[in-house]
Amino acid sequence: MEIVIIGAGKVGAEIVENLVAENHNIVVVDTDASALKHLMNEVDVMSVCGNGVLESIQTEAGVPKCDLVLAVTEHDETNIICCLVAKAIGAKRTIARVRDTDMSAQSEFMSKKLGIDLMVNPELESAEEISRMLRYPSADDVDCLNRGKIDLVALKIGLDSPIVGLQVKDLLEKVKVKVLICMIARGREIIIPDGSTVFEPGDIIHFTGAPQSIDAFFKKMGLSGNRVHSMIIVGGGRIAYYLAKSLFETGIKVKIIEKDEQVCLQLADQLPKATIVCGDGTDRNLLKQEGVEIVDSFVALTGNDEENIVLSLYAKSIGVGKVIAKSNNDSYADMLPMLNLGTIISPKTVTSEQIIKLTRAMQAPEDDSVISLYKLANDRAEAITFGVSDNENFVGKTIRDLHFKPGLLLTAIIRGRELVIPDGGTEIQADDIALVISANYKFTKLDDILD
Amino acid sequence: MNLRISIYTIGQILKALGAFFILPLITSIIYGEVHAQMLFAFIVPALLSISIGSVLTMRPPEDRTFYAKEGLFIVGVSWIIISLIGALPFSIATLGDSNFADLNYIDWFFESASGFSTTGSSILHVGANGNQIDLMFNGGYRGLLLWRSLTHWMGGMGVLLFIMAVLPSTSGASGLHLMQAESTGPSTGKLVSKVKGTARILYLIYTIMTIAEIILLAFAAIGDENMDFYQAIILSLGTAGTGGFAATSASVGQFGLYVQIVVMVFMALFGVNFNLYFLLIIGKIRDAIKSEEFRFYIAVITIGIIALTLNVSIALTNVLDYAASFWTTLQYTSFTAISLVTSTGYATCDFTLWPAFSTSILFSLMFIGACAGSTGGGFKCTRVLILVKSAFKSCMKVINPNAVYSVKMDGKKLDNEIVKSVNTYFVVYLLIFVFSALLVSIDSAALGTTNQTMTIISSVMATLNNIGPGLTSIIGPSGDFYSFSYGIKILFSVLMLFGRLEIYPILMLFSPKTYSRQ
């Protein structure tokens, strides 16, 4: 695709690096020449230096003939105007990064009347990402496929894990839970397992199943499968607001600690179900008072990365089960894994990942059977959902009868509202949606997966 | 400096280089020159290049970091290796032929470096049996002569750029760094978002223009008995790369006015920044014509021609040929001016006989050179413009120290870094020039008895600016570079590569820091 990206900041740069690897033709627009130069030294893109809201600059960048414009500068208004201009001069689609709560609430109006096809809100995306992580506290990572219908859970196998040395089929017999192990990341290698694959220490296994089965699987593995029941959030920003709101639905008790009294009052007004505490979240006594030793999750969302990291180290040290810290600095995230302080979430990374996912979903596939495409395990594997509709190569056949190419796995079938984890005897019906995970191929058609 | 990826990339380039030897081989077959030795002359270098390349690419590097430094290093090293391999066909094919017995591998390396760098200086000289180039043309070496001219064509737009245009794309910004290191001018941008796409567009324009010239020249075969399809190809390859190798010693002078005009126009066209042709294609004609560099280039040519014509027609009234008519003089001066400013080096007359003022004009033209981003050599019009403009602003600052000035080009403010880099380039260029002139002057045996200083200076100018002939009779259009000692020939070969790659890629090979891990 021809893509124009306006804004070469952290989000823009991350999007560019990912999309270039997928062979798109990209032009980046920014007012900062040195940021562009830096980017040009790293990736094969073209740059235009100038103000992206200007029609002349957009024309120079090739917006009139492009397939997609991504406006990801710091400012909501700039992004919105960029998209309006782009639409007016002929861009096919536009995506804007908009963080204003009110504006993102009227996204339907924006897309229908103003032509901004999608808006991505960094805070909202971050909150959703956190709540996803909380769904399975023992998981190392959770990928949500097909609009949240399928959870793909990643779990790292420790040295002393009971399953080391077991074969996949033995494990499933032992735990007697219906989950499907669909992918194993072993070092740099991605393995699509069959029944006889043996687990090794250090493997990261990815599996899927119905939510209850995944819970049960964690329990059988001796890991706490218990869901989170209570949480302390330090810092009452927008992420905290969105997070608290989405957690109420799952019945988690939320306590927010915020310094600013005005903000506290506002939050108390907006979130009547939450306990809002006005005070310094870095005060150990206050934290103890508010019960940091008895909650099972702790989220540090202050505006200061370092503060968040120290807070989460403290929470880990006193034994809180699930600890999450916000950090916008990527290099911290790289330095941090060795500290074992739980999960780091970066709103900018979350935003760019979300935009990249949306961009991939916009790609016109060769065949309309492809519904969506996801990248897994640092882009080394991909998950594709296909609509089977009435393809006679598939409909009415059992998995056993179909001859798949090696190195891929039909992981799940969505049938109406039901999630089916297939085994050899599962028969494919018309209008099923199939999720395929593969390590080596790039598929564009459903028939490609057959040998 | 990431040596592993540099070596790996050089390996990939060498693997691709092997394919280029097919063209001269086919030519040899067409002209019935094929015998075992001629076959070996092209197959041995091809296999050598492919096998070295295969060895170097055996293990792909894990660390893929690639910056401007790696780009410069790869371009510098691969151009030297390409020139070394490119000399092999000459060496092997002429082995045992008594007409070429006085030439060895160093001479042929000079010839090959001269070819790839689009210089056009030659060590082929008048031997016992006549001029060696005519001996080649008539003696069954037409495939070899095609290879000689093909090196011009490949070197003009860039060997690596060609490989990038043809091979599947490399990831990351490595392509841009290679392209910037190989192409000419102070700043190189992309035409479209991918390097591969840019390389393809440039080579497409280049190829179409070359074919157009071949067709136009081939038409001349109707009335001109010296012209045939082979000559048309050789001349076009030499013009396109702004190199200057011809198939016979008589060069362009043996053909009629029509051929001379076609060659002259195409020399001027190949000296224009290729980005302008791209602007033409996408319909931005006004932007193309407005380009300051283009206008400067046209002005330099026009002023050069006028000054030369006036000087020559006034001073040389009693020389038979020039006295004949004003039009003959104009024909000579305009061809020479364009040939030297674009650094091609074709000649229709012996301009070493012209008066001193003309020699100075020619010297200035040789220095200025063609546009950046063209196939031509020299210091480049853009650089001269930037240099003059920034010098002017600096002078203004002396008068009014608190004033703030910016150097503009095409109405846009120039990045300070570019201005600085042009100034630096000028200083480095001068240092190399002076130092080389010093070295050449040691070789007193080759410098003749008269006009020694001019021979020294113009020989360095002719090689460093990729022009070809110098301004005195020894190295002029009817002279050659054979008489210099081997040390100086190697110096000239390096200078030619210096000039074509614009100094830094070769210069950095001499720095020990390049090879350290930090």
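This write-up is about the structure you can find in this document. (Residues numbered from 1 in each chain as written. Chains lettered and ligands numbered in written order. Predicted model: local features only at pLDDT ≥ 70, side-chain atom pairs only at ≥ 80, totals over all residues. Heavy atoms only, no water.)

## Digging into the pairing of strand β12 (residues 230-234) of chain A
All names here are of chain A. With 5 of its 5 residues buried, β12 lies for the most part within the structure. The alternating pattern of β12 places Ser-230, Ile-232 and Val-234 and Met-231 and Ile-233 on opposite faces, both of which are buried. Where β12 lies against strand β13 (residues 253-258), 5 bridges are found, and the strand directions are parallel. Residue pairing in the sheet places Ile-233 in a bridge with Ile-256 of β13. This β-α-β element, β12 to helix α10 (residues 238-250) to β13, shows right-handed connectivity. Sheet analysis places β12 next to strand β15 (residues 297-300), joined by 4 bridges and oriented parallel. (Buried < 20%, exposed > 50% of the residue type's maximum accessible area, 1.4 Å probe, protein only. Helix = DSSP H or I, 4+ residues; strand = E, 2+ residues; numbered from the N terminus. Pairing = 2+ DSSP bridges. Right-handed = clockwise from strand over helix to strand, strands pointing away.)

## Here's the deal with the side chain of B:Thr57
Residues and elements named next belong to chain B. As for its placement among the helices and strands, Thr-57 is situated in the loop between α3 (36-56) and α4 (68-93). Here Thr-57 falls in the buried class, since its relative accessible area comes to 10%. Excluding its chain neighbours within four sequence positions, the residues that come into contact with Thr-57 are Tyr-8, Gly-11, Gln-12 and Lys-15. (Contact = heavy atoms within 4.5 Å.)

## Describing the sheet that holds strand β7 (residues 141-145) of chain A
Residues and elements named next belong to chain A. The strand order β7-β8-β11-β9-β10 describes an open sheet built from 5 strands, whose pairing is antiparallel. Two strands in the sheet have a free side with no partner beyond their single neighbour: β7 and β10 (189-191). Shown here is a sheet whose adjacent strand axes are inclined to one another by a mean of 20°, direction ignored. By the bridge criterion, 6 bridges tie strand β9 (residues 179-186) to strand β11 (residues 204-209) in an arrangement that is antiparallel. Residue pairing across strands places Ala-185 opposite Ile-204, the latter belonging to β11. (Axes fitted to C-alpha atoms, helices over the stretch in contact; angles between N-to-C directions.)

## Here we look at the sheet that holds strand β20 (residues 408-415) of chain A
Residues and elements named next belong to chain A. An order of β18-β19-β22-β20-β21 is seen for the 5 strands of this open sheet, with the pairing classed as antiparallel. At either margin of the open sheet sits one strand with a lone partner, and together these are β18 (370-376) and β21 (418-420). Shown here is a sheet whose adjacent strand axes are inclined to one another by a mean of 20°, direction ignored. Bridge count for strand β19 (residues 381-387) against strand β22 (residues 433-438) is 6 bridges, and the pairing is antiparallel.

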